[in-house]
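In case you want the letters, here they are:
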Amino acid sequence: MKNIFWISSYPKSGNTMVRLFMSCYFFTNDGILKDLNIIKNITIFNNINIFKKIKNFEEIDEFKKNPSNISKYWINAQERLYEIYPKKVFFFKTHNSNIEFKGNKFTNNKLTRGFIYIVRDPRSVLVSAKNHYNYKSYDEGFNYLNSERHLSLAKYHVLPEFLLSWKSNYLSWKKFLEKNPNLGLIIKFEDLVSNPEKNFLKIMNFIREKHYFNFDNKKFLNSLKSIKLNNLIKFEENSGFDERGSENTNFFRKGLKDEWKEEVPKIILNKIEKTYNKEMKE
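Rules of the game
- Residues numbered from 1 in each chain as written.
- Predicted model: local features only at pLDDT ≥ 70, side-chain atom pairs only at ≥ 80, totals over all residues.
- Heavy atoms only, no water.
- Pairing = 2+ DSSP bridges.
- Helix = DSSP H or I, 4+ residues; strand = E, 2+ residues; numbered from the N terminus.
- Axes fitted to C-alpha atoms, helices over the stretch in contact; angles between N-to-C directions.
- Phe/Tyr/Trp six-rings, centres within 6.5 Å; stacked < 30°, edge-to-face > 60°.
- Buried < 20%, exposed > 50% of the residue type's maximum accessible area, 1.4 Å probe, protein only.
- Polar contact = N/O pair within 3.5 Å; in protein donor to acceptor, adjacent residues only side chain to side chain.
- Salt bridge = Lys/Arg side-chain N within 4 Å of Asp/Glu carboxyl O.
- Parallel < 35°, antiparallel > 145°, perpendicular 65-115°, else oblique.
- Left-handed = near helix turned anticlockwise from the far one by under 90°.
- Contact = heavy atoms within 4.5 Å.

Break down the sheet that holds strand β1 (residues 4–9) for me, with residues and values.
Here four strands make up an open sheet; going across it, the order is β2-β1-β5-β6 and the pairing parallel. What marks the edges here is a single partner per strand, and that holds for β2 (90–94) and β6 (184–188). The average undirected angle you get between the axes of adjacent strands in this sheet is 15°.

Below, the structure written as structure tokens:
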């Protein structure tokens, strides 16, 4: 079966940058970005249109009342995709923790061909999330970052996701990799920023191990140029971007590694560094 690649991360960790790069490489002729809408080639897994392929799937209003019910359909949705498209390989974005809830697993090694997990310094995640979600304070943002009951809400065409805490999200995918060696690649956002050519090449080589394609170096380099932050900011200013948090907040901001040093109050930094000490060192 194995026909799904996951582009997974905790929110605001670089998932969009990776998907834009992959969209430029795999869904253009030359790797040159012409429209941010190209990212729709790598859609969110929790799109209701994917789950509606399941017979008698519930209406979205049911998940607004009981968001955790989505877990009953995780595996069914993936199996159904294989039944309908047995020869197609899918790339899906997800912020879901790779967990088991009430006996329902998010995914398994029979359905997953591979995954790329992007992990980012939680101090930087907090800064980016506060701007994206318009949290009133860094203290409120940390409460979400650290909540084991953090589920996103169902709205429009989007179904809930089990985000959980930054720590649990990361550890869930790490554990999946430990049980299934060579099935995934965990990569740091900071490495993608500091040495993009080296680390995006790691991503491409990993995908090629699981799904062979002829590598085009010129197209690869064009894709890297396309996702430079200044370029993405211009595209958003000119045409907007569907994934921005609100009309008053740009999605593409700074993309810095250590922005938190000047932004986050010391008391919140201490909480993060104490809570996630082991994982941050790792």
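Still to come is the rest of the account.
Lay out the packing of aromatic side chains in plain terms, naming residues and giving numbers.
Inspection of every chain in the model, using the stated rule, returns 34 aromatic pairs. Considering the side-chain rings of phenylalanine 5 and phenylalanine 91, the 5.0 Å spacing of their centres and the 10° angle between planes classify their relative orientation as stacked. Of the two residues, phenylalanine 5 sits in strand β1 while phenylalanine 91 sits in strand β2, which places them 86 residues apart along the sequence. Residue classification places phenylalanine 5 among the buried positions, given a relative accessible area of 1%.

Describe helix α10 (residues 217–226), and please don't skip the residues or the numbers.
Among all positions in α10, only Lys219, Phe220, Asn222, Ser223, Leu224 and Ser226 are buried. For α10, the N-terminal cap is aspartate 216; the gap from its side-chain oxygen to the backbone nitrogen of lysine 218 is 3.1 Å.

Tell me about the pattern of salt bridges, and name the residues and values.
Taken as a whole and assessed by the stated rule, the structure comprises 10 salt bridges. A salt bridge links aspartate 121 to arginine 123; the shortest N-O distance between them is 2.7 Å. Both residues of the pair, aspartate 121 and arginine 123, count as buried. Within this structure, Asp121, Arg123 and Glu273 form a network of salt bridges that share partners.

Which residues make up the packing of helix α6 (residues 138–145) against helix α13 (residues 266–275), and what values do they have?
At a closest axis distance of 10 Å, the pairing of α6 and α13 adopts a crossing angle of 15°. Judged by the angle between their axes, α6 and α13 are roughly parallel. Remark: the crossing between α6 and α13 carries left-handed chirality. On α13, the residues that touch Tyr138, Asp139, Phe142 and Leu145 of α6 are Ile268, Lys271, Ile272 and Thr275.

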